[in-house]
Amino acid sequence: MKILHTADWHLGKIVNSVHMTDEQEYVLYQLLEIIKAEKPDVIIIAGDLYDRAIPPKEAVELLNKVLTCLVADYKIPVLAIAGNHDSPDRLEFGNQLFRTQELYIETKLQAQLNPIVFHDENGPVYFHLIPYIEPAEARQLFNDEEINSHHTAMETIINKIKQLNDMNERHVFIGHAFLAGGMESESEERLSMVGGSPYIDASLFQDFNYTAFGHLHQAQRVTSEVIRYSGSILKYSFSEANHRKSVTIVDLDGNGSCKLSQIPLIPKHDMRIVEGYFSELISNPKGNTEDYLHILLLDEGQIIDPMNKLRKVYPNILRLERKTLESKNSLLDLKRIRQKQSKSHSEMFASFYEEIKGVPISDSNQKQVEKVVSKLLKKERGE
């Protein structure tokens, strides 16, 4: 069985005030051409179809066009799940009707954990669609007070899948989460850490023949060749400038072994970091001048109106910095980013509170903040 694995489309994304819909349409039409050539038996979209709970009209229309082409024209089954950016309620609209056309969109975890089953000449393949879920939601769904983190929530889900299925058959897991050891970038939204760590141990998935994940934007394996992130379809921040965007092709044989390959996605405009002296950048342009650029100037002296002058050559500059200033602050900035990424929303508020008020936040107020954060996260996801 041939499977195409993609994720993190983030339709409706805005990067540095630039709407990315045209860029996304360009690369998704390229994806359609890849699918037409490869003729996969199943297509997996592992979450974050949209960039926010209420996507713009153009993003909804683009998703509609692509999915319609896949299921109506190409007649290829599509298995999609909601990611942390998606609104489960919005994606859920019409999903029972769509199933008759073999478009399966799993938006809310069901306690029954029924897989989608497809057959090839070697027998059944069981696909387990597990949308993004908060630990508190899993705790309530399974009535298990021991669930206090993303890891324990996923551990409970995996254990139940194993109880309900013969794992000697061929099984594919589809999820949207942060696996410990995965390489992250700035464009990924930090997962909730209210009540526990956002990380999940990849060892939970060792009994699956292939594990298709979304969330991290760099295509990568985590501890095993068959536990993979396909990565996002485009670069969504300059921290991804060195990424090579692609889709993953999985050839699953009758014994459950996988042969993997990646097909590159070429953007309409690349996102690059360019450094050099002002005069050289003007007189000797580097690369495609239409790309989205973060320019680092090496000059130390004063330059009058550098942005407007550079934009006559590079119209899509999104960021301009001095290399000398950037290099002095880079280690400090990286340390600050890491510190922020290791804190939950409520912990960040507590730090802000102490910085402003001069005293630590009280335990009672901290608990109130955690309740508000949890409520806002649910609202943001459209629940």
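In case you missed it, the structure is sitting above this.
Owing to the predicted nature of the structure, the values given are computational and were not obtained by experimental measurement.

1. Quick word on the sheet that holds strand 18 (residues 292-297)
Move 1: Strand order in the open sheet formed by three strands is 17-18-19, with parallel pairing between adjacent strands. Each edge of the open sheet carries a strand with a single partner, namely strand 17 (271-276) and strand 19 (317-322). Neighbour to neighbour, the strand axes of the sheet diverge by 15 degrees on average, direction disregarded.
Move 2: As paired strands, strand 17 and strand 18 are joined by six bridges and run parallel to one another. Paired with Glu275 across the two strands is Leu296, which belongs to strand 18.

2. A few points about a negative patch on the surface
Move 1: Taken together, Asp41, Glu121, Asp251 and Asp253 make up a surface patch of like negative charges.
Move 2: Note that Glu121 resides in the loop between strand 7 (116-120) and strand 8 (123-130).
Move 3: Using a relative accessible area of 72% as the deciding quantity, one classes Glu121 as exposed.

3. Some words on the packing of helix 5 (residues 135-142) against helix 6 (residues 150-164)
Move 1: In contact at an axis separation of 8 Å, helix 5 and helix 6 are set at 40 degrees when each is read in the N-to-C sense. The orientation of helix 5 with respect to helix 6, classified from their angle, is oblique. For helix 5 against helix 6, the interelement crossing comes out left-handed. Across the interface between the two elements, Pro135, Ala138 and Phe142 from helix 5 touch His150, Ala153, Thr156, Ile157 and Lys160 from helix 6.
Move 2: Considered class by class, the residues forming the contact of helix 5 with helix 6 number five nonpolar, two polar and one charged.

4. With respect to the pairing of strand 9 (residues 170-176)
Move 1: In terms of residue burial, strand 9 counts as a mostly covered element, since seven of its seven residues are buried.
Move 2: Direction of pairing for strand 8 relative to strand 9: parallel, over a ladder of six bridges. Of the residues in strand 9, the one forming a bridge with Val125 is Arg170.

5. Here's the deal with helix 5
Move 1: All of the buried residues along helix 5 are Pro135, Glu137, Ala138 and Phe142. Along the axis of helix 5, the buried positions cluster into a sector of 160 degrees, meaning they face one direction only.
Move 2: On the buried face of helix 5, the contacting elements are helix 6.
Move 3: Following helix 5 by one or two positions, Asn143 adopts a phi angle in the positive range, close to 50 degrees.

6. Some remarks on the pattern of salt bridges
Once the charged atoms of two side chains with opposite charge are near each other, the side chains can pair.
Move 1: On inspection of all chains with the given rule, the structure shows 15 salt bridges.
Move 2: Residue Glu61 pairs with Lys57 through a salt bridge whose shortest N-O separation is 2.7 Å. Of the two residues, Glu61 and Lys57 are both situated in helix 2 (residues 57-73); the distance of four residues between them amounts to about one turn of the helix.
Move 3: Among the residues examined, Lys57 registers a relative accessible area of 57% and is labelled exposed.
Move 4: Close ionic contact of Asp120 with Arg170 constitutes a salt bridge, the shortest N to O distance being 2.7 Å. With Asp120 in strand 7 and Arg170 in strand 9, the pair connects residues that are 50 residues apart, well separated along the chain.
Move 5: One continuous salt-bridge network, built from bridges that share partners, spans Asp89, Glu92 and Lys108.

7. Some remarks on helix 6
Move 1: Over its 15 residues, helix 6 extends 21 Å from the first C-alpha to the last, a length consistent with the 21 Å expected when each residue adds 1.5 Å.
Move 2: Regarding helix 6, the residues found buried are His150, Thr152, Ala153, Met154, Thr156, Ile157, Ile158 and Ile161.
Move 3: Against strand 8, helix 5, strand 9 and strand 11 (199-200) lie the buried residues of helix 6.

The rules behind these values
Residues numbered from 1 in each chain as written. Predicted model: local features only at pLDDT ≥ 70, side-chain atom pairs only at ≥ 80, totals over all residues. Heavy atoms only, no water. Pairing = 2+ DSSP bridges. Helix = DSSP H or I, 4+ residues; strand = E, 2+ residues; numbered from the N terminus. Axes fitted to C-alpha atoms, helices over the stretch in contact; angles between N-to-C directions. Patch = residues over 30% accessible without salt bridge, like charges linked within 9 Å, V, L, I, M, F, W, Y side chains within 5 Å. Areas by Shrake-Rupley, 256 points an atom, 1.4 Å probe, with all protein chains shown as cover. Salt bridge = Lys/Arg side-chain N within 4 Å of Asp/Glu carboxyl O. Lys, Arg positive; Asp, Glu negative; His and termini not counted. Charge placed at Lys NZ, Arg CZ, Asp CG, Glu CD. Buried < 20%, exposed > 50% of the residue type's maximum accessible area, 1.4 Å probe, protein only. Parallel < 35°, antiparallel > 145°, perpendicular 65-115°, else oblique. Left-handed = near helix turned anticlockwise from the far one by under 90°. Contact = heavy atoms within 4.5 Å. Nonpolar A, V, L, I, M, F, W, Y, C, P; charged D, E, K, R; others polar. Arc of directions from axis to C-beta. Expected span 1.5 Å × (residues − 1).

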